[in-house]
Amino acid sequence: MRRSAVHAAALVFALAAGATRADAAEQAAAPEAKRPLMLPPLARNMVRVQGTVRPFFNLLGPGGGALGDLSVEYYFQRPFKIGVELSPFAFVLVPEGPGTIVHARARVAFSSDYVEVGLGVGGRMQYFGPSGLSVAPAMRLGSLDGANLRLEMGYSYIRNYYTQQAQFALSHLTGGVDVPVTRRLAITLDGGYGVDLWAYATLGVRQWIVGNGGPGSLAIGASTGLVWVVDRFPCQYGDIEPCRGAAWGLGPTIAVRVDRRF
């Protein structure tokens with residue numbers, strides 16, 4: 001009788017433990033199911049590391065290159081973030097030689113669940129040397145991990161090649177759109193143009209591999225499109241000096257995007 005009572009107690013404990021595990025699993029799955037598809041809230045107290053690389057083969061001749069961006073950001077409990085970024089970093093390697101364009105900035109922003117407005121300040125490097133100040137206001141409308149529209153308008157304080165006067169001028173414009181298809185998969189459209197000179201346009205998808213946007217999450221994206229990089233401004237007014245020895249590259253790309261949260 002005593003042994004039967006022990007077996008019964010063990011059976012009740014196992015059933016209770018199984019029910020507890022089932023309840024825990026159900027509770028863990030509930031937030032994912034309840035997250036809004038288009039406008040999920042933004043996670044806080046989080047480090048976000050994001051990078052995109054767009055390699056390409058040159059259609060204008062031998063060689064190739066890449067155009068990308070990289071950022072490390074911290075989202076505070078209150079609606080603010082700080083970060084550092086390379087946006088863009090570009091290089092091309094052709095028989096005429098290598099060429100580079102890099103904008104490196106520190107950024108601060110007001111970052112709420114559905115709106116972000118910020119400013120990045122730093123420097124611009126071109127052809128392996130500094131070439132001016134880089135300032136880039138940026139905004140996001142919509143949810144970071146849902147439907148959103150992103151825009152960045154960069155300005156550079158540079159010296160005009162022809163007049164030798166320093167001036168603050170528009171240097172680039174970039175943007176992107178994310179449209180969720182499911183809670184883990186989204187269609188992405190990205191593009192940008194820089195007057196110093198580079199451009200890209202890509203269409204692809206982003207998939208959450210781990211998590212759904214909070215700390216510990218990982219998303220991978222893949223897209224295809226075109227990339228164009230010129231490491232110096234082209235000839236104008238019959239003057240060949242600005243483009244003498246410049247490196248040019250244009251070609252198709254298969255871009256890879258990684259978004260890691262900590």
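Presented here is a report on the structure given in the accompanying data block. Sequence order sets the numbering: in each chain, residues are counted from 1 along the sequence as written. Confidence filtering applies because this is a predicted model: local features only for residues at pLDDT of at least 70, side-chain atom pairs given and counted only at 80 or more, and all residues used for totals across whole chains, interfaces and linings. Computation of side-chain values: all heavy atoms of the structure, hydrogens and water removed.

**Concerning the overall build of the chain**
No. 1: Numbering of helices and strands runs from the N terminus, with a helix taken as a DSSP run of H or I at least four residues long and a strand as a DSSP run of E at least two residues long. Counting secondary structure elements, the chain contains 1 helix and 12 strands.
No. 2: Under the scheme applied here, a residue whose accessible area is under 20% of the maximum for its type counts as buried, over 50% as exposed, and between as partly exposed, the area being computed with a 1.4 Å probe on protein chains only. Classification of the 262 residues of the chain by burial places 39% in the buried group.
No. 3: Should any heavy atoms of two residues lie within 4.5 Å, those residues are considered in contact. Here the analysis covers contacts within the chain between residues at least 6 apart in sequence; of these, 54% occur between residues at least 24 apart.
No. 4: Here the open area of atoms and residues is found with the Shrake-Rupley method and a 1.4 Å probe, where only the protein chains shown may cover a residue. When the accessible area of the chain is evaluated, it comes to approximately 13700 Å², of which 71% is carbon and sulfur surface.

**Structural notes on the pairing of strand β5 (residues 115–126)**
No. 1: Should DSSP find at least two bridges between two strands, the strands are regarded as paired. As paired elements, strand β4 (residues 97–111) and β5 share 11 bridges and run antiparallel to each other. Looking across to β5, one finds that histidine 103 is bridged to arginine 124.
No. 2: In textbook terms, the turn of a hairpin is the stretch between consecutive antiparallel strands, and for β4 and β5 this stretch comprises 3 residues.

**Remarks on the pairing of strand β3 (residues 80–94)**
No. 1: Across 11 bridges, strand β2 (residues 64–75) lies against β3 in antiparallel orientation. Considered in β3, the bridge of glycine 65 is made with valine 92.
No. 2: The turn joining β2 and β3, which pair antiparallel and follow one another in sequence, is formed by 4 residues.
No. 3: Here 13 bridges tie β3 to β4, and the two strands are oriented antiparallel to one another. By the bridge assignment for β4, lysine 81 is matched with alanine 109.

**Some thoughts on the pattern of salt bridges**
No. 1: Every case where a carboxyl oxygen of Asp or Glu lies within 4 Å of a side-chain nitrogen of Lys or Arg is listed as a salt bridge. For the structure shown, the criterion picks out 17 salt bridges.
No. 2: Between glutamate 85 and arginine 105 there is a salt bridge; the shortest N-O distance is 2.9 Å. Pair noted here: glutamate 85 is in strand β3 and arginine 105 is in strand β4, with a separation of 20 residues, a long-range link. In this structure, glutamate 85 and arginine 105 share a single accessibility class: buried.
No. 3: Ionic pairing is found between arginine 206 and aspartate 178, a salt bridge with its closest N-O pair at 3.8 Å. Of this pair, arginine 206 sits in strand β10 (residues 198–210) while aspartate 178 sits in strand β8 (residues 166–180), placing them 28 residues apart in sequence.
No. 4: Residue arginine 206 is classed as buried on the basis of its relative accessible area of 4%.
No. 5: Sharing partners across several salt bridges, the network here consists of Arg48, Glu73, Lys81, Glu116, Arg140, Asp145, Asp259 and Arg261.

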